[in-house]
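One-letter residues, chain by chain:
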Amino acid sequence: MRKTLERAERFLSLVALLTAMVAAVAIALSARRYVLKQADVCAVMKCLGASQRTILVNQIKVLGALCLSAALMGAAIAYGVQEILIRILGDLVFADLPVISLWPLTWSILCSSCLLIGFAGAHPYLVW
């Protein structure tokens, strides 16, 4: 039984890593598309006298708001799905489940923020 649980843990760790890689690719692709759409906006802002700092601060605010809203939406969906699964499968589980902790939420927000900053932050086309 222990060996089976260890294999399952390794498999789930591998799945989590692959999920993070797919999320990183999705962030990179969407950041590229966003940069191409924002190039004209940044050019107009430069023509109207905006400094590099102003444009960079504006883009950081947009990425921060995106990160915060995605984290809140993802947490709400995850806890909602968990609650639904507990209600559906509650009769099949005879042991008391542990209380919901904020550690997985904190870990996922930190991981997703690092991916967002690494793949979408300070793109060279946005800072001229």
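Summary of the structure given here. If you're wondering where the values come from, they're calculated on a predicted model, not measured in any experiment.

Bringing the overall build of the chain into the picture now. Within the chain one finds three helices and zero strands. Listing the helices and strands of the chain from first to last along the sequence gives α-α-α. Scaling as 2.2 N^0.38, a compact globule of 128 residues should have a C-alpha radius of gyration of about 14 Å, whereas the chain reaches 20 Å, well beyond that. When its C-alpha atoms are laid out on the principal axes, the chain stretches across 65 × 30 × 20 Å. A buried classification covers 14% of the 128 residues belonging to the chain. Counting only contacts in the chain whose residues sit at least 6 apart along the sequence, the fraction spanning at least 24 positions is 75%. Counting only carbon and sulfur atoms, one obtains 73% of the accessible surface of the chain, whose full area is about 10300 Å². Between the mean site of the 11 positive side-chain charges and the mean site of the 6 negative ones, the chain shows a separation of 16 Å.

All right, on to the packing of helix α1 (residues 2-47) against helix α2 (residues 52-89) then. One way to put it is that α1 packs onto α2 with a least axis distance of 11 Å and a crossing angle of 145°. Considering how the two elements wind past one another, α1 and α2 form a crossing that is right-handed. Within the contact between the two elements, α1 uses Tyr34, Gln38, Cys42, Met45 and Lys46 and α2 uses Gln52, Ile55, Asn58, Gln59 and Val62. In terms of residue class, the contact of α1 with α2 is built from five nonpolar, four polar and one charged.

Turning our attention to a nonpolar patch on the surface. On the surface, Met73, Ile77, Val81, Ile84, Leu85, Ile88, Leu89, Leu92 and Val93 cluster together into a nonpolar patch covering about 880 Å² of accessible area. Along the polypeptide, Val93 turns up in the loop between α2 and α3 (103-120). When its relative accessible area of 40% is taken as the criterion, Val93 is described as partly exposed.

A few words on α1. Taking 1.5 Å of rise per residue, 46 residues should cover 68 Å, and α1 covers 65 Å from first to last C-alpha, within 8% of that figure. Bending of α1 peaks at approximately 40° at the position of Gln38. The set of residues buried in α1 consists of Ala24, Ile27, Ala31, Val35, Gln38 and Cys42. Packing partners of the buried residues in α1 comprise α2 and α3. Looking one or two residues beyond α1, the residue adopting positive phi is Gly49, at roughly 105°.

Rules used throughout
- Residues numbered from 1 in each chain as written.
- Predicted model: local features only at pLDDT ≥ 70, side-chain atom pairs only at ≥ 80, totals over all residues.
- Heavy atoms only, no water.
- Helix = DSSP H or I, 4+ residues; strand = E, 2+ residues; numbered from the N terminus.
- Rg over C-alpha atoms; globule rule 2.2 N^0.38 Å.
- Buried < 20%, exposed > 50% of the residue type's maximum accessible area, 1.4 Å probe, protein only.
- Contact = heavy atoms within 4.5 Å.
- Areas by Shrake-Rupley, 256 points an atom, 1.4 Å probe, with all protein chains shown as cover.
- Lys, Arg positive; Asp, Glu negative; His and termini not counted.
- Charge placed at Lys NZ, Arg CZ, Asp CG, Glu CD.
- Axes fitted to C-alpha atoms, helices over the stretch in contact; angles between N-to-C directions.
- Left-handed = near helix turned anticlockwise from the far one by under 90°.
- Nonpolar A, V, L, I, M, F, W, Y, C, P; charged D, E, K, R; others polar.
- Patch = residues over 30% accessible without salt bridge, like charges linked within 9 Å, V, L, I, M, F, W, Y side chains within 5 Å.
- Salt bridge = Lys/Arg side-chain N within 4 Å of Asp/Glu carboxyl O.
- Expected span 1.5 Å × (residues − 1).
- Bend = angle between axes of the 7 residues up to and from the residue.

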